[in-house]
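Structural characterization, general
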Amino acid sequence: MEQDKSRLHRLAEKGIEEFHRFTVMFLYLWLVFALFLLNEYVALGHQHGHLVLQGFAVINAAVLGKVMLIAEDLKLGRRFEHLPLFWSVLYKSCLFAVVFILFHIVERMAVGLLSGATARASIPKIGGGSWDGIAAVWAAITVSLLPFFALREISRVLGKDVLWNLMFRQSAKDRPRAFAAAGTGGGAAGGDAGPA
């Protein structure tokens, strides 16, 4: 009986942790997609319904947030975590940009096939369909993901609570104590506190 309670407690904690991770990913992706769509809306001279586009931003953020969670659970992108954070952040941003583009292609093909189109006709023309356009979209997504993964990697090294407190709870005078509590000695890299 006690073992069952303990197992249920662990499952509940894991569920809450997963929900928190998903919420952070969803909010960040929604902000990025909403800004991309707002830019497109303004650039095209208000030719499409803005609220409809924002609905797509919410749906895409939710779906890609889940894709990101699954990819992280499969340990995708951990290849350079032993190197300086710059390389880990850059690698994850580049890799997840590719994952997002591939997922977008598969998603559009599935929708096209379900509506009766051929697989070839269902392939979206990303960036206008040229290699230059695809590279430009990949670069834009990569740059958009850099802040997200930079904060995630810093959180992984310092510890989630330390970064959260530094960002949202502590004043400048409290920061040296937070670094000392994290074992960083005032800003030098500390031990790995586990994935954020």
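Up top is the structure.
Residues numbered from 1 in each chain as written. Predicted model: local features only at pLDDT ≥ 70, side-chain atom pairs only at ≥ 80, totals over all residues. Heavy atoms only, no water.

1. As for a nonpolar patch on the surface
To be explicit about the condition: Patches here: salt-bridge-free residues with over 30% relative accessible area, like charges joined within 9 Å, nonpolar side chains (Val, Leu, Ile, Met, Phe, Trp, Tyr) joined within 5 Å. Note that accessible areas follow from Shrake-Rupley with a 1.4 Å probe, and for residues the cover is restricted to the protein chains shown. Salt bridge, as applied in this entry: a Lys or Arg side-chain nitrogen positioned within 4 Å of an Asp or Glu carboxyl oxygen. Under the DSSP-based scheme used, a helix requires at least four consecutive residues in state H or I and a strand at least two consecutive residues in state E, with every element numbered from the N terminus.
A surface patch of nonpolar side chains, about 500 Å² in accessible area, is lined by Trp30, Leu31, Leu35, Leu38, Val42 and Val58. With 5 residues, the top contributor of residues to the nonpolar patch is helix α1 (residues 2-43). By the element assignment, valine 58 lies in helix α2 (residues 50-73).

2. Description of helix α6 (residues 160-169)
Using the following cut-off: Throughout, exposure labels follow a simple rule: accessible area from a 1.4 Å probe, protein chains only, divided by the maximum for the residue type, with under 20% read as buried, over 50% as exposed, and the rest as partly exposed. Relevant arc is that of directions from the helix axis to the C-beta atoms, nothing else.
For α6, every residue scored as buried is listed here: Val162, Leu163, Asn165 and Leu166. One side of α6 carries all its buried residues, which in axial view fall inside an arc of 165°. Opposite the buried face of α6, at more than 90 degrees from it, the exposed residues are Asp161, Phe168 and Arg169.

3. Some words on the nonpolar core
Under the convention used in this document: Residues enter a nonpolar core if they are buried and are Ala, Val, Leu, Ile, Met, Phe, Trp, Tyr or Cys, with the set joined through side-chain atoms within 4.5 Å. Contacts are assigned to residue pairs that have any heavy atoms within 4.5 Å of one another.
Core analysis: the biggest nonpolar cluster contains 24 residues, and Leu29, Phe33, Met68, Phe100, Leu145 and Phe149 have the highest contact counts within it. A total of 7 residues in this core trace back to one element, the largest contributor, which is α2. Other than its neighbours up to four places away in sequence, leucine 145 contacts Tyr28, Leu29, Ser93, Phe96, Ala97 and Phe100.

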